[in-house]
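# A structural walkthrough
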Amino acid sequence: MRNLKLILVLAASLCAAVLFWGSYTYFKGQELAKAAARLTLYRSTVEAELRRFAHMPFLLSQDPVVVETLSGGDRGRLNARLAGFTQSAGIDAIYLMDNTGLTISASNAAAPNSFVGQNYAFRPYFQDAQKGALGEFYGIGATTGIPGYFYALAVRSEQTADSGVVAIKLDLSTLQDSWQASGERIILSNADGVVLLASDPAWRYRTVASLTNDQRARIIAARQFGEEQLTPLDWEPNPTRQTARIGGERFLYLRTSDLPNGWSLHFLVPDDQATTRAWLITGAMVLLSGLILISWQVRRVQRIGDALTRSEHEEAQLRRANERLAVEIEERRLAEQTLKKTQAELERAGRLAALGQLASSVTHELGQPIAAMRNQLAASEMATGASPLNDKMQGLVARMEDITRQLKFFSRKGRDQFETVDLAEVMRAALDLLTPSIAEADTQITFDPPATPVTLEGNRLRLEQVMTNLVRNAIDAVEDSDTRQIDISMGADSGGVWFAVADTGHGLGGQTMDDLREPFATTRESGKGMGLGLTISAGIVSDHGGVLTAQDRDAGGAIFRAEFHNEPAGPQS
């Protein structure tokens, strides 16, 4: 009997171990799938940031003032011109060197740590530019001590045969700041394995692998990382199992090398969620097995007792059996509810992962054209000077960049800067934007704002996006109605501020707000919507410390109401 019990215990332990490993593998795969989508987004962001000003050295090399200064022209004039370019384009520095590497003009000529008079012939980007190639290089500034990404291109004068190199320096610190704000663990390393940027500042300028003597010699010759020791990072990556340990902490690990210059992006995700879920599944199954075993033992004892005193305990046995049945029914009902909830969460996670990939692709594809447009406008300004049309086009390009940043809503955890916003002014702007749609749908809209401003600390563009989505949905809802009426109201009370959009359309059709805000869920016919409007709107309202609700109207139609508390969830500074 003792041996039988030992065998049963060992068999149960083995089954529990197999169940835990299978559950962990399954949940680990889910976490890795979500991490892969996030890694794709971060890779696109890094590539877009690197290539945003790749055309600028060519434009500068063709600038007549640059060529004239290289041939002995007024350096002060070029200094002022380059300073203007850096301020308008958001570039850290622009400077011109002669054929010996000596800087003769720079955008920071008036600064204490000016590049003017410094010789950068030792930098690889200068050497590559002299060979006729586009020089690219990341390193710590030899003059300022501030790291940056450098582009350089040769400049030649056809009249005097003088030659030189024009270079720009980009500040990539905003990338690292956004990584730190997100709370995720990200490492960007170069082809030598040196960490350039990281969400944890302590990892920066460490190496993901030991450097060879040749690598160290080349880095020292280029003075790429100043006085940094470039010691190895305390980590143990295991790409085969997609895991890594840093400082004794275990992570799930993904890496992509699909970046310019042979750079690599490393993404680490804690595996505690997968482990916790696996333990919960294993514990639940062990508990269920224990309950079954106990139940079997109890029934066995009951059968023995029933054989002795069947006539005395028949009524009591029936009562206990009914109680056990009720408990089992309740446990089954709770288990089914838990399963349905888990399935719904997994479906939503899948949709959000797909949406993250879509946002990544769109921002990646639009980033280059928008950057090219800005460079072309900058070139036009250099060639013809500033003009009202050029300023207006610069504003439109800036708005397109703001819109593409909105697509990162589902993946980033940082927030936009907030300001005091009058909801009435934002609603008027949204209605102005929708004027053609309102006229085309022959819809009557009433909007009577309160006499006093209804203000909120928030992001004007994103609040306008919510109002535009809600009004556009209302226009679509009343399209087939006899009465095409939309009523817009707003106000303030003790709980905060609110605005509402009510229509005379077909109503919600039995759906709840949770159903409507599901990504890709839409009641519009194919080709007229992706089902993301309410998803994005609900998320924006939530970021402002509010809640978006929807309900049917007694007189027909639906009303969507956004309520904001007195202390919204503002941007992280």
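Computed from a predicted structure; not experimentally measured.

Conventions adopted
- Residues numbered from 1 in each chain as written.
- Predicted model: local features only at pLDDT ≥ 70, side-chain atom pairs only at ≥ 80, totals over all residues.
- Heavy atoms only, no water.
- Axes fitted to C-alpha atoms, helices over the stretch in contact; angles between N-to-C directions.
- Helix = DSSP H or I, 4+ residues; strand = E, 2+ residues; numbered from the N terminus.
- Parallel < 35°, antiparallel > 145°, perpendicular 65-115°, else oblique.
- Left-handed = near helix turned anticlockwise from the far one by under 90°.
- Contact = heavy atoms within 4.5 Å.
- Nonpolar A, V, L, I, M, F, W, Y, C, P; charged D, E, K, R; others polar.
- Pairing = 2+ DSSP bridges.

Looking now at the packing of helix 10 (residues 423-433) against helix 12 (residues 460-477). Look at helix 10 against helix 12: their axes get within 9 Å of each other, and the N-to-C directions meet at 55°. By the angle between their axes, helix 10 is oblique relative to helix 12. Where helix 10 crosses over helix 12, the handedness of that crossing is right-handed. Contacts between helix 10 and helix 12 involve Leu423, Glu425, Val426, Met427, Ala429, Ala430, Leu431 and Leu433 from the first element and Arg460, Leu463, Glu464, Met467, Thr468 and Val471 from the second. Partitioned by chemical class, the residues of the contact of helix 10 with helix 12 number ten nonpolar, one polar and three charged.

Right, let's talk about the pairing of strand 7 (residues 195-198) for a bit. On a regular strand, each side chain points to the face opposite its neighbour's, so the side chains alternate between the two faces of the sheet. Two elements, strand 6 (residues 185-189) and strand 7, share three bridges in a ladder whose sense is antiparallel. Of the residues in strand 7, the one forming a bridge with Leu188 is Leu197. Count of turn residues in the strand 6/strand 7 antiparallel hairpin: five residues, of which Gly193 carries a positive phi of about 90°.

Once that is clear, we can look at the sheet that holds strand 10 (residues 249-256). What the six strands build is an open sheet, ordered 7-6-11-10-9-8; its pairing is antiparallel. Across the chains shown, the open sheet's two edge strands, defined by having one partner strand only, are strand 7 and strand 8 (235-238). Each adjacent strand pair in this sheet contributes to an overall mean axis angle of 25°, direction not counted. On the sheet, helix 1 (residues 2-51) packs against strand 6, strand 9 (243-246), strand 10 and strand 11 (264-270) and is oriented at approximately 50° with respect to strand 10. Contacts from helix 6 (residues 173-182) reach strand 6, strand 7 and strand 11, with the element oriented near 50° to strand 7.

A sheet is described by the order of its strands in space; here five strands give the open sequence 2-1-5-4-3, paired in antiparallel fashion. The two strands at the open ends of the sheet, each matched to only one other strand, are strand 2 (103-106) and strand 3 (135-140). Between one strand and the next, the sheet's axes are offset by a mean angle of 25°, whatever the strand orientation. The pairing of strand 4 (residues 147-156) with strand 5 (residues 163-170) spans eight bridges and is classified as antiparallel. When the sheet's bridge partners are listed, Phe150 is paired in strand 5 with Lys169.

Keep in mind these numbers describe shape, not what the thing actually does.
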